[in-house]
Amino acid sequence: MLLLKSIIILIVGFVLLIKGADFFVEGSSAVAKRLRIPSMIIGMTIVAMGTSLPECAVSVTASLTGNNTLAISNAIGSNIFNLLVVCGVCSLFVPLAVQKSTLQKEFPLSIFCAGLLLLLGYLGMTLGHIDGIILIIIFAGYLLWMIQSARNARNQTFADEDSDTAGSKTSLSAEEIEQVASNINLLPAWKCIIFILGGMIAIKYGGDFVVNGASAIASSLGLSQTLIGLTIIAMGTSLPELVTSIVAAKKDEVDMAVGNVIGSNIFNILLVLGVAAAISPVGFIMENMIDIAFLILISVITLVFAWTSKEINRKEGIIMLLLYAVYMVYICMR
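Residues numbered from 1 in each chain as written. Predicted model: local features only at pLDDT ≥ 70, side-chain atom pairs only at ≥ 80, totals over all residues. Heavy atoms only, no water.

S.K.: Would you explain the overall build of the chain in this entry?
M.R.: Across its full length, the chain holds twelve helices and four strands. A buried classification covers 50% of the 334 residues belonging to the chain. In the chain, 86% of the contacts between residues at least 6 apart in sequence involve partners at least 24 apart. About 15100 Å² of surface is accessible on the chain, with carbon and sulfur atoms providing 70% of the total. (Helix = DSSP H or I, 4+ residues; strand = E, 2+ residues; numbered from the N terminus. Buried < 20%, exposed > 50% of the residue type's maximum accessible area, 1.4 Å probe, protein only. Contact = heavy atoms within 4.5 Å. Areas by Shrake-Rupley, 256 points an atom, 1.4 Å probe, with all protein chains shown as cover.)

Structure, rendered in structure tokens:
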């Protein structure tokens, strides 16, 4: 009976996390669209941050309650799931084109973050308060960089529009006017605020339910917190990334799909683990080090896939899904 109750709590937590992230992303994206921010920037910032909120809620809650192994395994497991499953599944629908700037900047940054985490964990087998602050400072720098990129992109958009207007006397077609109007009136301002605040509240309580339910299930079945974090929790908290990226890929917004995954992986390490460690030191075990090393390896493999043809095709997506299946077998056996 206790196990059934824990499973129900876990499911309710996942529903709150996913719907909360969905509302948050919808409200935030509507605001961003009003400001004419490009899809790639939205994916790398607002959408990535919104879809990373479940991981943040779970890891911070786990840190506060002393479940440190759950905090680290959730973040790393989610990053592995994002790279192999989210990108792999999306590439089955449409080849995931990757911009040159992403290959040269954001993708290497995500690998650097994983390498830094491995180094910090190896030095003391603990992610302490100072380590957490370092990660948060790097995250702040990353966020400022993305905001500046958004400003530059928006200014370029306005400049292009002014140039087009000056060079042509023709007015917008009816279809173009309708498209602009639909984008501007995507959501009323009051509804955006409700979606954003309501989503954050749902995410907070969803994180509490997931941690409590997962901890109870692990205790009932005699499973380790690391295994639960790498499998059930990592998959559950990564569902927003999966759904968001699949929808973006099917709508041919491949920039948002790839940007969402890379941005989420950066956020999961810098923000999620940074905040968790700043609140309470997060202890490492040898299995965590192996998982981080595996994350670095698959990040390099994915970068090579994307670099060779500037896209991730269906064949490479299948290879990535097979790699995840092998990894799942490994962590269940160890």
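S.K.: Hey, could you run me through the packing of helix H4 (residues 100-124) against helix H11 (residues 286-309) in this one?
M.R.: Each pair of packed helices gets described by two things: the angle between the helix axes and the distance between those axes. Viewed as axis vectors pointing N to C, H4 and H11 meet at an angle of 165°, and their least axial separation amounts to 9 Å. Taken together, the axes of H4 and H11 are roughly antiparallel relative to one another. Crossing of H4 against H11: the hand is left-handed. Judged by residue contacts, Leu103, Gln104, Phe107, Ile111, Ala114, Gly115, Leu117, Leu118, Gly121 and Tyr122 of H4 engage Met289, Ile292, Leu295, Ile296, Ser299, Val300, Thr302, Leu303, Ala306 and Trp307 from H11. Here the contact of H4 with H11 is composed, by residue class, of 15 nonpolar, five polar and no charged. (Axes fitted to C-alpha atoms, helices over the stretch in contact; angles between N-to-C directions. Parallel < 35°, antiparallel > 145°, perpendicular 65-115°, else oblique. Left-handed = near helix turned anticlockwise from the far one by under 90°. Nonpolar A, V, L, I, M, F, W, Y, C, P; charged D, E, K, R; others polar.)

S.K.: Would you take a moment to explain helix H12 (residues 314-333) for this structure?
M.R.: For an α-helix, 3.6 residues make a turn, and residues three or four places apart therefore share a direction. For H12, with 20 residues, the first-to-last C-alpha span of 29 Å sits near the 28 Å given by 1.5 Å per residue. Residues of H12 that are buried include every one of Glu316, Gly317, Met320, Tyr324, Tyr327, Met328 and Ile331, and no others. One face of H12 carries all of its buried residues, which in axial projection span an arc of 130°. Every exposed residue of H12 that faces more than 90 degrees away from the buried side is listed here: Lys315, Leu322, Val326 and Met333. Here H12 starts with a cap whose side-chain oxygen sits 3.2 Å from the backbone nitrogen of Lys315, and that cap is Asn313. (Expected span 1.5 Å × (residues − 1). Arc of directions from axis to C-beta. Polar contact = N/O pair within 3.5 Å; in protein donor to acceptor, adjacent residues only side chain to side chain.)

S.K.: What's the story with the packing of aromatic side chains in this structure? I'm lost.
M.R.: Where two aromatic rings form a pair, the distance of their centres and the angle of their planes describe that pair. Applying the stated rule across the entire model yields seven aromatic pairs. With 4.6 Å between their ring centres and 5° between their planes, Phe294 and Tyr327 make a pair best called stacked. Note that Phe294 is positioned in helix H11 and Tyr327 in helix H12, a separation of 33 residues in sequence. By relative accessible area, Tyr327 is classed as buried at 4%. Their ring planes at 45° and their centres at 6.3 Å tell us that Tyr324 and Tyr327 sit as a pair that is tilted. A residue pair is termed a helical-turn pair when its members lie 3 or 4 positions apart in one helix, as Tyr324 and Tyr327 do in helix H12 at three residues. Comparing Tyr324 with Tyr327 shows no difference in burial state: the two are buried. A connected cluster of aromatic rings, assembled from ring pairs, spans Phe81, Phe294, Tyr324 and Tyr327. (Phe/Tyr/Trp six-rings, centres within 6.5 Å; stacked < 30°, edge-to-face > 60°.)

S.K.: Help me out: how do you make sense of the nonpolar core in this one?
M.R.: Inside soluble globular proteins, nonpolar side chains tend to come together where they are buried. One finds Ile80, Leu117, Leu127, Ile266, Leu295, Tyr324 and Tyr327 to be the most contacted residues of the largest nonpolar core, which totals 65 residues. Apart from the residues within four sequence positions on either side, Leu117 is in contact with Ile72, Ile76, Leu127, Ile269, Leu273, Phe284 and Ile292. Grouped together as the second largest cluster of nonpolar side chains are 17 residues, Ala62, Leu70, Val211 and Ile217 included. (Core = buried A, V, L, I, M, F, W, Y, C linked by side-chain atoms within 4.5 Å.)

S.K.: What's the story with the side chain of Ser91 in this structure? I'm lost.
M.R.: Inspection of the secondary structure puts Ser91 in helix H3 (residues 68-93). Under the relative-accessibility criterion, Ser91 is labelled buried at 1%. With near-sequence residues (within four places) excluded, Ser91 lies in contact with Leu96, Ile312, Asn313, Arg314 and Gly317.

S.K.: For this particular structure, what's the right way to read the packing of helix H1 (residues 2-34) against helix H7 (residues 189-221)?
M.R.: Packing of H1 against H7 brings their axes to within 6 Å, and their N-to-C directions diverge by 155°. With respect to each other, H1 and H7 are oriented roughly antiparallel. When you trace H1 past H7, the crossing you get is left-handed. Looking at side-chain class alone, the contact of H1 with H7 contains 27 nonpolar, ten polar and two charged residues.

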